[in-house]
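Chain by chain, the residues run as shown.
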Amino acid sequence: MSEKDRKIRVAISIGDYNGIGIEVILKTLQEKEITEFFTPVIFGSTKLLSYQKDRLKFDRINFQGIQDANQIVDGKINVVNLWKDQIDVHYGKVTKEAGEHAYQSLKAAAKSVSDGFTDVLVTAPINKDNIQSEEFHFPGHTEYLGEVWGGKPLMFLVSEKLRVGLVTQHIPISEVAKQINSKSVYAKIQQIHKSLIEDYAISKPKIAVLGLNPHAGDNGLLGSEEKEIISPVIERCINENQLVFGPYSADSFFNPSNLDAFDAVLAMYHDQGLVAFKTISFDEGVNYTAGLKFVRTSPDHGVAYDIAGKGIANEESFKEAIFSAIELYKNRNEYQELTKNVLQHIPLKLEKGDNKE
């Protein structure tokens, strides 16, 4: 099988194994026909995955244990064995060991993509506290991948109904207004615009921009950021022939008519966008890190310690994350193919006599 014809290889990091990450991974992969669509490559250990598989009684899942990403077998559920020791799982507990193993899994999975052994990365949820170390000192996956893959990552929450990007991500509310400026708002609009064209094949995307303050500032009564920063940026984008509108009041924006009218929404801060997104699209929502060289997605939920080990976690968001990653990868490749050498000069061969007066 040629490199071009092989199935897309999906690198999967296990996240915090005391949470629901491995459960939703296994529930997604238990369907017998799943490897007809892609080749899963899980970074962890066969012992750990087998332990959780046996607890869930998923007898139909068989693992292809390998020692390195260069040994991937297409059409199998590959598990790259990063460690040999038996892992003690403490469902619902925060442990240092789970954080260390979550980082090892993420690091190896991300490297497999940048090395070309896998094509896309799908990450199971981490605990942003216990994963912290001298090597991992980031607020989350998004910032880490921006460091190791390069680029300016955009947290882009996507579903069939809604796409939401953020100007600020994992920072305290007290810091939000300080980071809302013309440069940051314009940059995020451009990232969303670029992603909608290249990743989602939308030729002329329409983007809605939310205000920072209640009622979008009420003409300056409740804050000046809309008049002084956000509106001028929107005007600039319009002058650059982009369909950008707003600023809209966040408390009344997320209604069906607005969602149908726009291809994406830019929120100013984390909860402004994500509360609405998770309410509307919780079971099918996907966190996509746009703006990077490679495709990374994840489910839009966390480690869910409260239900870990109970076998009741919903895998739909993780499943959507995998198939979204595959679709994004294909869309990107198609866009690159269509735009490659578009302006390439083609010399014309003149027939004899064509250059005469």
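Reading the values: the criteria
- Residues numbered from 1 in each chain as written.
- Predicted model: local features only at pLDDT ≥ 70, side-chain atom pairs only at ≥ 80, totals over all residues.
- Heavy atoms only, no water.
- Helix = DSSP H or I, 4+ residues; strand = E, 2+ residues; numbered from the N terminus.
- Rg over C-alpha atoms; globule rule 2.2 N^0.38 Å.
- Buried < 20%, exposed > 50% of the residue type's maximum accessible area, 1.4 Å probe, protein only.
- Core = buried A, V, L, I, M, F, W, Y, C linked by side-chain atoms within 4.5 Å.
- Domains from an automatic or database assignment.
- Contact = heavy atoms within 4.5 Å.
- 1 Å grid on protein atoms, 1.4 Å probe; cavity = no way out; pocket = protein on both sides within 12 Å on 5 of 7 lines; lining within 4 Å.
- Points joined across faces, edges and corners; volume = space filled by probe spheres on them.
- Nonpolar A, V, L, I, M, F, W, Y, C, P; charged D, E, K, R; others polar.
- Axes fitted to C-alpha atoms, helices over the stretch in contact; angles between N-to-C directions.
- Parallel < 35°, antiparallel > 145°, perpendicular 65-115°, else oblique.
- Expected span 1.5 Å × (residues − 1).
- Bend = angle between axes of the 7 residues up to and from the residue.
- Buried area = accessible area lost by both parts, 1.4 Å probe.
- Salt bridge = Lys/Arg side-chain N within 4 Å of Asp/Glu carboxyl O.
- Polar contact = N/O pair within 3.5 Å; in protein donor to acceptor, adjacent residues only side chain to side chain.

Where an unreviewed UniProt entry is consulted, the protein appears under the name 4-hydroxythreonine-4-phosphate dehydrogenase PdxA, with the organism given as Empedobacter falsenii.

A. Looking closely at the overall build of the protein. A tally of helices and strands in the protein yields eleven helices and twelve strands. Computed over the C-alpha atoms, the radius of gyration of the protein is 23 Å, within 12% of the 21 Å expected from 2.2 N^0.38 for a compact globule of 357 residues. Projected onto its principal axes, the C-alpha positions of the protein cover 75 × 75 × 40 Å. Counting only residues that meet the buried cut, the protein has 52% of its 357 residues in that class.

B. Geometry of the nonpolar core. Of all hydrophobic cores here, the largest spans 67 residues; its most connected members are Ile42, Phe156, Val185, Ile189 and Met268. Residue assignment places this core across two domains, with domain 1 (1-154 + 284-337) and domain 2 (161-283) each supplying three or more. Not counting chain neighbours up to four residues away, the residues in contact with Val185 comprise Val167, Ile180, Ile229, Val233, Leu266 and Met268.

C. Main features of the layout of surface pockets. For the largest pocket, the calculated volume is near 410 Å³. Lining of the largest pocket is provided by 16 residues; of these, Pro153, Val167, Gln179, Ser184 and Lys188 occupy positions nearest its centre. Counting only elements with at least two residues in the lining of the largest pocket, the list comes to β6 (151-158) and α6 (182-198). Counting residues per element, the lining of the largest pocket draws most heavily on α6, at five residues. Classifying every residue of the lining of the largest pocket by side-chain character gives five nonpolar, seven polar and four charged. In this structure, the lining of the largest pocket is formed jointly by two domains, domain 1 (1-154 + 284-337) and domain 2 (161-283), each of which donates at least three residues.

D. Region of interest: the packing of helix α1 (residues 21-29) against helix α2 (residues 46-56). Packing of α1 against α2 brings their axes to within 10 Å, and their N-to-C directions diverge by 70°. Taken together, the axes of α1 and α2 lie roughly perpendicular to each other. Together, Ile22, Glu23 and Leu26 of α1 and Leu48, Leu49, Gln52, Lys53 and Leu56 of α2 make up the contact between the two elements. Class assignment of the residues belonging to the contact of α1 with α2 gives a composition of five nonpolar, one polar and two charged.

E. Focus on helix α7 (residues 225-239). Given a rise of 1.5 Å per residue, 15 residues ought to cover 21 Å, and the 20 Å separating the end C-alpha atoms of α7 matches this to within 8%. Considering bend angle alone, the principal kink of α7 is centred on Ser231 and spans about 30°; proline Pro232 follows within four residues of it. Every buried residue belonging to α7 is among Glu225, Glu226, Ile229, Ile230, Val233, Ile234 and Cys237, and all of these are buried. The inward-facing, buried residues of α7 abut α6, β8 (206-210) and β9 (243-248). Positive phi appears at Asn241, one or two residues downstream of α7, with a value of about 70°.

F. Fine view of unusual backbone geometry. A cis amide bond, omega -5°, links Gly246 with the succeeding residue Pro247. Mapped onto the elements of the fold, Pro247 is located in strand β9. The backbone of His215 shows a phi angle near 55°, a positive value even though the residue is not glycine.

G. How the structure looks around the domain arrangement of the protein. One can read the domain layout of the protein as domain 1 (1-154 + 284-337) and domain 2 (161-283). Centre-to-centre, using C-alpha coordinates, domain 1 lies 29 Å away from domain 2. Each partner contributes to the interface: domain 1 provides 22 residues, whereas domain 2 provides 18 residues. Taking both sides of the interface into account, the surface hidden between domain 1 and domain 2 amounts to around 1700 Å²; carbon and sulfur atoms contribute 50%. For domain 1, the biggest contributors to the area lost against domain 2 are Leu154, Glu284 and Asp300; these three give 36% of the whole. Residue Arg332 pairs with Asp199 through a salt bridge whose shortest N-O separation is 2.9 Å. Our count for the contact surface shared by domain 1 and domain 2 stands at ten residue pairs in polar contact (both at pLDDT 80 or more). Broken down by secondary-structure element, the contributors of at least two residues to the side of domain 1 that touches domain 2 are α4 (141-149), β6, β11 (286-292) and α11 (316-339).

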